[in-house]
Amino acid sequence: MADYHGMWQGLGMDLETHDKLCDALPVLFGETFLEQENRPAGMDYYNMVIAEVHGLRIAELLAHKEQGGRVVGSFCIYVPEEIVLALDGILVGLCAGSQFWVPAGEAVLPRNLCALVKAGLGAQLSKTCPYFQSVDLIVGENTCDGKKKAWEILGDYAPLYVMDMPNRKSPAGFALFREELGALARRLEELTGKTLTAEGLLRGCELVDRKRRVLDRLYALRKADPVPLSGRDALLVSQIAFYDDPERFIAQTEALAAECEARVARGEGVFPKGAPRILVTGTPIVVPNWKFHTIAETSGLAVVVEENCTGTRYFEQKVALPETKDVPSLLDALAHRYFDGINCACFSPNEARFDDVVRLAREYRADGVVDLSLSFCTTYQVEEERLRKRLAAEGIPFLSLETDYAPGDEEQLKTRIEAFGESLRR
Ligand code: BJ8
């Protein structure tokens, strides 16, 4: 990576602390990804993106801002990228997946909150993430209690807009969500100084649709046995989708998918044929949280699909474009795609998520399901009991795991994952 200290200084970052993060990430990345055998050559691009995660992409965001564009950050897949793109903005996921940021978050938050919320606030407060320092607006959402109360604190440190969220998938819930999308669009118009048009929305929908479809194409290849791409690498691709330039990401992921298609045609994979196959569900696994996938795959299990917000929930559902292509009708269509199509535990009940898990387990020929929750994520942890019952009724082996970003529980996790793998082999 080139020397970006001048750029980071201009962003008001704490350079000394940030250097420590920059020193640690390549070591973790090398151990997690580069030691894998028989990786597709197409993964080189994603290696480069991570190597430049705080460099090249930030320089691109700043160049966009210099030309009058705006950069918006979000923590949740209920925030529609299509609207930001329609206003010539860039949406980036604020990843918050590192233990590095948790202590700074705990300085202002109770310790018994999930690591994602603590790391998010910690990244902002410690001034060690150039994405937080670059965004013109952060869009928060009232999904879980931890996030919705944390926004009150984050708003003291960053420009913040909060979308309200319903709790139930009912007509009244939809009406609230649709109204909130309209209000978000107005706030983004104010931010960008542009007016939302049907042409802009159609352009945004078309680009995001292509991103979703290339992820569909890549994920579908993971149904093969042997699987052509490791779960770690598929997760990395999904994580990068949240902040990379969409056109470049689509082109690179098309190339990776073509390479994996050729592997499938040759019967070539990254694990032996017949290796136990796992579906992971639960809370999002955001960059650089690679803990579970690494332990599972170095224990001989193949992670073949993720039913979570950094997996299928991000891209499976598409926008059904309306016949009348005006702004209100397009916003209706977007509202349906997000509200109807994403099954988050912040909704009660949330049976459709269980249907998705069962369907995906069959489609990807998973031998077992792991429900992976971040500690203190009440909504997903409470939902686990009914998921367990549903999977038992379907005859699908199930393991529930709780963890956070801190090192220290790896051995314990490994023991449980290996025992689960053994039971699947039997
Ligand atoms: S749509 S899963 S991205 S809210 S892990 S912060 S829920 S206590 S992240 Fe999420 Fe949107 Fe839902 Fe997806 Fe709270 Fe749980 Fe923490 Fe979470």
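Definitions and limits used
- Residues numbered from 1 in each chain as written.
- Predicted model: local features only at pLDDT ≥ 70, side-chain atom pairs only at ≥ 80, totals over all residues.
- Heavy atoms only, no water.
- Axes fitted to C-alpha atoms, helices over the stretch in contact; angles between N-to-C directions.
- Helix = DSSP H or I, 4+ residues; strand = E, 2+ residues; numbered from the N terminus.
- Parallel < 35°, antiparallel > 145°, perpendicular 65-115°, else oblique.
- Left-handed = near helix turned anticlockwise from the far one by under 90°.
- Contact = heavy atoms within 4.5 Å.
- Nonpolar A, V, L, I, M, F, W, Y, C, P; charged D, E, K, R; others polar.
- Salt bridge = Lys/Arg side-chain N within 4 Å of Asp/Glu carboxyl O.
- Buried < 20%, exposed > 50% of the residue type's maximum accessible area, 1.4 Å probe, protein only.
- Pairing = 2+ DSSP bridges.
- Right-handed = clockwise from strand over helix to strand, strands pointing away.
- Core = buried A, V, L, I, M, F, W, Y, C linked by side-chain atoms within 4.5 Å.

Sorry if this is basic, but what is going on with the packing of helix α3 (residues 43-51) against helix α12 (residues 231-241) here?
Angle between the axes and distance between the axes: these two values describe a pair of packed helices. Put simply, α3 and α12 touch, their axes get as near as 10 Å, and they point 55 degrees apart. It follows that α3 is oblique to α12 by the angle criterion. By crossing handedness, the relation of α3 to α12 is classed as left-handed. Side by side, α3 and α12 meet where M43, Y46, V49 and I50 of the first sit next to D233, L236, V237 and I240 of the second. Looking at the contact of α3 with α12, its residues break down into seven nonpolar, no polar and one charged.

Got a minute to help me understand the pattern of salt bridges in this structure?
Two side chains of opposite charge can pair, provided their charged atoms sit close to one another. Going through the model one piece at a time under the given rule, you end up with 44 salt bridges. Note that K291 is salt-bridged to D404, the shortest N-O span being 3.9 Å. In this pair, K291 sits in helix α14 (residues 291-298) while D404 sits in the loop between β8 (398-403) and α19 (410-425), placing the two residues 113 residues apart along the sequence. Given a relative accessible area of 11%, K291 falls into the buried group. Look at the salt bridges and you will find they share partners, linking K223, E316, D356, R359 and E363 into a network.

For this particular structure, what's the right way to read the sheet that holds strand β3 (residues 137-141)?
Read across the sheet, four strands follow the order β2-β1-β3-β4 without closing on themselves; strand pairing throughout is parallel. In this open sheet, the two strands that pair with only one neighbour each are β2 (90-93) and β4 (160-163). Strand-to-strand twist of the sheet, defined as the mean angle between neighbouring strand axes without regard to direction, takes the value 30 degrees. Sheet analysis places strand β1 (residues 71-74) next to β3, joined by three bridges and oriented parallel. Of the residues in β3, the one forming a bridge with S74 is V139. Lying on the sheet, helix α4 (residues 56-66) is in contact with β1 and β2; it crosses β2 at an angle near 150 degrees. Across the sheet, helix α9 (residues 145-154) touches β3 and β4, and the angle it forms with β3 is around 150 degrees.

Would you explain the pairing of β4 in this entry?
Side chains on a regular strand alternate between the two faces of the sheet. Burial along β4 is one-sided: the residues Y161 and M163 are buried and none of L160 and V162 is. The sheet contact formed by β3 and β4 spans four bridges and is parallel. Among the inter-strand pairings, V139 is bridged to a residue of β4, identified as Y161. Taken together, β3, α9 and β4 constitute a β-α-β crossover, and its handedness is right-handed.

What is the right way to read the nonpolar core from this model?
Side chains of a nonpolar character, in soluble globular proteins, are inclined to be buried together. Core analysis: the biggest nonpolar cluster contains 154 residues, and Y78 and I83 have the highest contact counts within it. No other element matches helix α11 (residues 198-220), which puts nine residues into this core. Beyond its immediate chain neighbours, meaning those up to four positions away, I83 contacts L181, A185, L188, L196, L201, L331 and L334.

By themselves, these figures tell us nothing about what the structure is for.
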